[in-house]
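Structural description and commentary
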Amino acid sequence: MSIIDLGNAQPGDEVYVIYRNPHVPSVANVQAAEIVQHPKDPNALALFLNETFHVIEDDDALFTSSESAQRAYDEHFFDFGEE
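Residues numbered from 1 in each chain as written. Predicted model: local features only at pLDDT ≥ 70, side-chain atom pairs only at ≥ 80, totals over all residues. Heavy atoms only, no water.

**Considerations on a negative patch on the surface**
A cluster of acidic residues, Glu 57, Asp 58, Asp 59 and Asp 60, forms a negative patch on the protein surface. Inspection of the secondary structure puts Glu 57 in the loop between strand S4 (52-55) and helix H1 (66-78). A relative accessible area of 43% places Glu 57 in the partly exposed class. (Patch = residues over 30% accessible without salt bridge, like charges linked within 9 Å, V, L, I, M, F, W, Y side chains within 5 Å. Areas by Shrake-Rupley, 256 points an atom, 1.4 Å probe, with all protein chains shown as cover. Salt bridge = Lys/Arg side-chain N within 4 Å of Asp/Glu carboxyl O. Lys, Arg positive; Asp, Glu negative; His and termini not counted. Charge placed at Lys NZ, Arg CZ, Asp CG, Glu CD. Helix = DSSP H or I, 4+ residues; strand = E, 2+ residues; numbered from the N terminus. Buried < 20%, exposed > 50% of the residue type's maximum accessible area, 1.4 Å probe, protein only.)

**What about the side chain of Ser 68?**
Among the structural elements, Ser 68 can be located in helix H1. Since its relative accessible area comes to 2%, Ser 68 is described here as buried. Within the local environment of Ser 68, its side chain forms a polar contact with the side chain of Arg 71, the two groups lying 3.3 Å apart. (Polar contact = N/O pair within 3.5 Å; in protein donor to acceptor, adjacent residues only side chain to side chain.)

**Here we look at the nonpolar core**
Ranked by size, the top nonpolar core spans 11 residues in total: Ile 4, Ala 9, Val 15, Val 17, Tyr 19, Ala 33, Ile 35, Leu 47, Leu 49, Ile 56 and Leu 62. Mapped by element, the contributors of at least two residues to this core are strand S1 (14-20), strand S2 (28-37) and strand S3 (45-49). (Core = buried A, V, L, I, M, F, W, Y, C linked by side-chain atoms within 4.5 Å.)

**Considerations on the packing of aromatic side chains**
Tallied over the entire structure, the rule returns 3 aromatic pairs. Aromatic pair Tyr 73 and Phe 77: ring centres 4.6 Å apart, planes at 40 degrees, arrangement tilted. Placement of the pair is Tyr 73 and Phe 77 together in helix H1, with a separation of 4 residues, close to one helical turn. (Phe/Tyr/Trp six-rings, centres within 6.5 Å; stacked < 30°, edge-to-face > 60°.)

**Overview of unusual backbone geometry**
Unusually for a residue other than glycine, Asn 50 sits at a positive phi of about 55 degrees. Along the chain, Asn 50 turns up in the loop between S3 and S4. Taking relative accessible area as the criterion, Asn 50 reaches 44% and is therefore assigned partly exposed.

**Observations regarding the side chain of His 38**
Locating His 38 in the fold gives a position in the loop between S2 and S3. Polar side-chain contacts of His 38 include one of 3.0 Å to the backbone nitrogen of Lys 40. If we ignore the near neighbours within four places in the chain, the residues touching His 38 are Ala 44, Leu 45, Ala 46 and Val 55. (Contact = heavy atoms within 4.5 Å.)

**Looking at the sheet that holds S1**
With antiparallel pairing, the 4 strands of this open sheet are ordered in space as S1-S2-S3-S4. Single-partner strands in this sheet number two, and they are S1 and S4. When the angles between neighbouring strand axes are averaged without regard to direction, this sheet yields 45 degrees. In this sheet, S3 lies alongside S2 in antiparallel orientation, the contact comprising 4 bridges. In the strand pairing of S3, Ile 35 is matched with Leu 47. Taken strand by strand, H1 contacts S1 and S2, and its axis lies near 25 degrees from that of S1. (Pairing = 2+ DSSP bridges. Axes fitted to C-alpha atoms, helices over the stretch in contact; angles between N-to-C directions.)

Put into structure tokens, the structure is as follows:
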């Protein structure tokens, strides 16, 4: 899987995230987002997702492609150790 190194992230980079619906926590999906300059901190970056700015947390996984994000989603939500 291709995860973005936040140290190399630049405003304008398109990334893909696994986003949980804040109104229905059991629902998650892969969505495109853009890395942008944080609107209140010129030394920080943020995600622009669903017309909203989101602080990028240290444990956020930002993927370089929708395919990588979808693989991570499938492994996390559907891999039950079946062999």
